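Here's the letter readout for the chains.
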Amino acid sequence: MKLIIAAIKPFKLEEVREALTTIGVRGMMVTEIKGFGSQSGHTEIYRGAEYAVNFVPKVRLEIVVSDSLADQVVETIRSTARTDKIGDGKIFVLSVEQAVRVRTGETDDDAL
Amino acid sequence: MKNLTKLSALGALGALAALPALAQETAAPLAPYTFEQSVNNGDVAWMSISTVLVLLMTVPGLALFYGGLVRTKNMLSVLTQVFAICAIVAIIWVTYGYSLAFTYGGSLDAYVGGFSKMFLAGVDLNSKVATFTNGVYLPEYTFIAFQMTFACITPALIVGAFAERIKFSSLLVFSILWVTLIYFPMAHMVWWWGGPDFLAQEQTAKLIAEAAGDTAAAEAAAANLAANGLLWNWGALDFAGGTVVHINAGVAGLVGCIVLGKRIGYGKESMAPHSLTMTMIGASLLFVGWFGFNAGSNLESNSITSLAIVNTFVAACAGGAAWMLVEWAMKGKPSLLGLVSGVVAGLVAITPAAGFAGPMGSVVLGLVAGVLCFLFVAYAKNALKLDDSLDVFGVHGIGGIIGAIATGILVNPALGGAGIPDYLSQPGTLQVAEYVASTAIMAQVKAVIFTLLFSGIGSFILYKLVDVTMGLRVKQEVEREGLDIAEHGERAYYM
């Protein structure tokens, strides 16, 4: 099993969810986050006060899938979340040792 | 605005005789001036509405306007400060504030009133106060309530200057001292006068005495004519409180932010407003309520009320548009905060001129105030290294000064103004005095300088007094944690 963590632009979330559902992903975790990468922040001006905002809002997806589906998930996120502009996000893939479904006690691929 | 004490003492004769038409036979020998006091239900209705409109400016208008501009952790502290000041000053007002502001002050009459109406002594359902028209009166309770809202909002305006760092208990003590020693005397100095009928009565008495060669009586009448507040006698015009409310609070704010010092982290940490939505709601409530403030200050429901409404409306819009456009040009983006700040700046500037300027003059005044307040807040404040947290001086001080001086220019009938009122040349009628620019503008400049000094120095002494005895500022850890939890034991938002 693989854990795929992706940080993407918030407005792409719905599109990515739909595309992933189409290829058979049956669950994901979503968090609103702030961060920075090569996209720099922006400046906010309130009357005379100017603040550099270095962290920009992103959405973080966490998806656990079977090894066989992992590459397809990565490719789907990449192609769907992409705008070709700086700040589109990043995708990380990690190995997962174990998965358990709380209701039934099923494990690993059966639990996904 | 006016008082009845003088009238009842000196005008009992006049009050009895009922000659509504008051034919003015200037050529014939003068008869003593007599008048009736009639109360118009329409005026009372309008003034009652104006009263609650001005209250709406304070709670929730000003509270939300300021509250949205602070950080989440200090939201409730600002709301509480504004509301608590309103509550306490209202009680002070009926206890002794009204008396200090709007009664005869004996030997100190030029500066402050006396204690004759403490606890509203002598005020009953039949008490009346003069308006700006001969023979037209308001129930005294109406006037007391209307002016109460002014006393409530003025000290509340100041809290924006040292928001996020003042100790609540010290703020309350300061506010009580400030209204007592600064606000009530200012209101007296600017707005205390005998009223149209009193002036007509004394002017007529003076002319009769002069014609009869009775110098003692003529001097007595002249002294009565001069028994007004100091700034009133200077000829300073302040329709709705440019000096009394805005410059007064603005300067007190400026001095306050200097005495208290900057917030911890000022210039390093982000102190961005936590909810400009709240600020927009607050600014809009201020805008709406301001019609009561400015047009209500006419004390009657007549054509000058209408003029004040138009002026207030267009000056506010001009201020908002000007700030937005100049910010767009100089900072790159038109911000909501800039827009609503400009609206408030325009409202502040038109306040002293509301019933004196013409609509086109008001547009120009709003534009000028929007641009100059923006420049002060966006550039001068940083250059001066002031942490006037919510720009009390930048908006109310600067806007008030611009408005007060401009009133002396825009009152000119040649510029569409209503002209300077003259109750003396034909006693019993309201005439427009000849406009002399130098005299009119100088009177305004003098009033501005006086207010800056009186409020600036007076407020400084009061701040120091409270600081030495109680400490003005919260402890460092309280300031870091936020005043809501540390001072009030509650938080604005659970998130």
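Residues numbered from 1 in each chain as written. Chains lettered and ligands numbered in written order. Predicted model: local features only at pLDDT ≥ 70, side-chain atom pairs only at ≥ 80, totals over all residues.

Helices and strands together make up the secondary structure of chain A, namely two helices and six strands. Moving toward the C terminus, one meets the helices and strands of chain A in the order β-α-β-β-β-β-α-β. Along the first, second and third principal axes, the C-alpha atoms of chain A reach 60 × 30 × 20 Å. The buried share of chain A, reckoned over its 112 residues, is 18%. Intrachain contacts of chain A at a sequence separation of at least 6 include 69% that bridge at least 24 residues. (Helix = DSSP H or I, 4+ residues; strand = E, 2+ residues; numbered from the N terminus. Buried ≥ 20, exposed ≤ 12 C-beta atoms within 10 Å, placed from the backbone. Contact = placed C-beta atoms within 7 Å.)

Looking now at the overall build of chain B. A count of helices and strands for chain B gives 18 helices and five strands. Relative to the globule expectation of 23 Å for 495 residues, the C-alpha radius of gyration of chain B, 23 Å, shows essentially globular dimensions. C-alpha extents for chain B along the principal axes are approximately 75 × 45 × 35 Å. Considering only residue pairs separated by 6 or more positions, chain B has 79% of its internal contacts joining residues 24 or more positions apart. (Rg over C-alpha atoms; globule rule 2.2 N^0.38 Å.)

Owing to its 3.6 residues per turn, the α-helix brings residues three or four apart onto one side. All names here are of chain B. Between its first and last C-alpha atoms helix H10 (residues 242-260) spans 25 Å; for 19 residues at 1.5 Å apiece the expected length is 27 Å, and the two agree. In terms of burial, H10 is largely enclosed, as 17 of its 19 residues are buried. Phi turns positive, to about 85°, at Gly261, one or two residues after H10. (Expected span 1.5 Å × (residues − 1).)

Now for the interface of chain A and chain B. A common way to report how large an interface is uses the accessible area buried once the components associate. Between chain A and chain B, the residue contacts involve seven residues of the former and 14 residues of the latter. Elements with a minimum of two residues in the side of chain A that touches chain B: strand S3 (42-46) and strand S4 (49-53) of chain A. A per-element tally of the side of chain A that touches chain B places S3(A) first, with three residues. Split by residue class, the side of chain A that touches chain B holds four nonpolar, one polar and two charged. (Nonpolar A, V, L, I, M, F, W, Y, C, P; charged D, E, K, R; others polar.)

Let us look at the sheet that holds strand S6 (residues 89-95) of chain A. Residues and elements named next belong to chain A. The strand order across the open sheet formed by four strands is S2-S5-S1-S6, and the pairing between neighbours is antiparallel. For this open sheet the edge positions go to strand S2 (29-35) and S6, each flanked by a neighbour on one side alone. Strand after strand, the sheet turns through a mean of 20° between neighbouring axes, direction not considered. Here helix H2 (residues 67-81) sits on the sheet in contact with strand S1 (2-8), strand S5 (56-65) and S6, set at roughly 5° to S1. (Pairing = 2+ DSSP bridges. Axes fitted to C-alpha atoms, helices over the stretch in contact; angles between N-to-C directions.)

Time to look at the environment of B:Ser38. All names here are of chain B. Mapped onto the elements of the fold, Ser38 is located in strand S1 (residues 38-39). The spatial distance from the C-alpha of Ser38 to the C-alpha of Leu276 is 47 Å, given a sequence separation of 238 residues. Discounting chain neighbours no more than four positions away, the residues touching Ser38 are Gly135, Val136 and Tyr137.

Of the strand pairs in this sheet, S1(A) and S5(A) are connected by seven bridges, and their pairing is antiparallel. From the neighbouring strand, A:Ala6 faces S5(A), where its bridge partner is A:Leu61.

Next up on the list: the environment of A:Ser79. For A:Ser79, the position within the fold is in helix H2. In sequence terms A:Ser79 and A:Ile5 are 74 residues apart; their C-alpha atoms lie 15 Å from each other.

What follows concerns the nonpolar core. B:Leu62, B:Tyr66, B:Val82, B:Leu286, B:Leu347, B:Leu365 and B:Cys373 are the most contacted members of the largest nonpolar core, which has 162 residues in total. A total of 14 residues in this core trace back to one element, the largest contributor, which is helix H4 (residues 75-102) of chain B. Ignoring sequence-local partners within four residues, the contact set of B:Leu347 consists of B:Leu286, B:Phe287, B:Trp290, B:Thr312, B:Ala315, B:Ala316 and B:Gly319. With 14 residues, the next largest nonpolar core counts A:Ala6, A:Leu61, A:Val65 and A:Ile77 among its residues. (Core = buried A, V, L, I, M, F, W, Y, C linked by C-beta atoms within 7 Å.)

Right, let's talk about the confidence of the model for chain B for a bit. All names here are of chain B. Within chain B, residue pLDDT values average 94, and 94% of them lie at 70 or more. Ignoring residues within four places in sequence, the model shows residues 1-26, a span with pLDDT below 50, making 46 contacts including any to other chains. Across the whole predicted complex the pTM is 0.89, and at the interface the ipTM reaches 0.80. (pLDDT = per-residue confidence, 0-100.)

Below, the discussion takes up unusual backbone geometry. Residue and element names in this part refer to chain B. A cis geometry characterises the amide bond from Val59 onward to Pro60, with omega recorded as 0°. Mapped onto the elements, Pro60 comes out in helix H3 (residues 41-67). You will see that Lys385, though not glycine, has its phi angle at about 55°, which is positive. Structurally, Lys385 is set in the loop between helix H14 (359-383) and helix H15 (392-410). Overall, Lys385 belongs to the exposed group, with 10 C-beta atoms counted inside 10 Å.

Below, the discussion takes up the packing of H10(B) against helix H16 (residues 437-469) of chain B. Residues and elements named next belong to chain B. The interhelical angle for the contact between H10 and H16, taken along N-to-C directions, is 40°, at an axis separation of 8 Å. Of the possible angle classes, the one that applies to H10 and H16 is oblique. Handedness of the H10/H16 crossing: right-handed. On H16, the residues that touch Thr243, Ile247, Asn248, Val251, Ala252, Val255, Gly256 and Val259 of H10 are Ala447, Val448, Thr451, Leu452, Ser455, Gly456, Ser459, Phe460, Tyr463, Lys464 and Asp467. Taken together, the residues that form the contact of H10 with H16 break down as ten nonpolar, seven polar and two charged. (Parallel < 35°, antiparallel > 145°, perpendicular 65-115°, else oblique. Left-handed = near helix turned anticlockwise from the far one by under 90°.)

Let us now look at the environment of B:Gln203. Residue and element names in this part refer to chain B. Within the secondary structure, Gln203 is located in helix H7 (residues 196-211). Taking the C-alpha atoms as reference points, Gln203 and Asn134, separated by 69 residues in sequence, lie 14 Å from one another. Not counting the four nearest positions on each side in its chain, Gln203 is found in contact with Leu225, Leu424 and Pro427.

Turning our attention to helix H11 (residues 276-296) of chain B. Relative to the 30 Å expected for 21 residues at 1.5 Å per residue, H11(B) spans 29 Å between its end C-alpha atoms, a close match to the ideal helical length. Across the 21 residues that make up H11(B), a large majority, 15, are buried.

Residues and elements named next belong to chain B. One can describe the packing of H4 onto helix H6 (residues 168-191) by two numbers: an axis separation of 10 Å at closest approach and a directional angle of 35°. Here the hand of the crossing between H4 and H6 comes out right-handed. Each of Gln81, Ala84, Ile85, Ile88, Val89, Ile92, Gly97, Leu100 and Ala101 in H4 lies in contact with H6, whose residues at this interface are Phe168, Leu171, Leu172, Ser175, Ile176, Val179, Phe184, Ala187 and His188. Residue composition of the contact of H4 with H6, grouped by class: 14 nonpolar, four polar and no charged.

Residues and elements named next belong to chain B. With mixed pairing, the three strands of this open sheet are ordered in space as S1-S3-S2. If you trace the sheet from one side to the other, it starts and ends with S1 and strand S2 (128-130), each paired once. Direction of pairing for S1 relative to strand S3 (residues 136-139): parallel, over a ladder of two bridges. Each residue of the ladder has a partner; that of Ser38, found in S3, is Val136. Against the sheet, H3 contacts S1 and S3, and its axis sits at roughly 50° relative to S3.

Now for the pairing of S4(A). Residues and elements named next belong to chain A. The pairing of S3 with S4 spans five bridges and is classified as antiparallel. In the sheet register, Tyr46 faces S4, and the bridge partner there is Ala49. Taking the residues that link successive antiparallel strands as the turn, the S3-S4 hairpin has two residues, and the phi of Arg47 there is positive, at about 55°.

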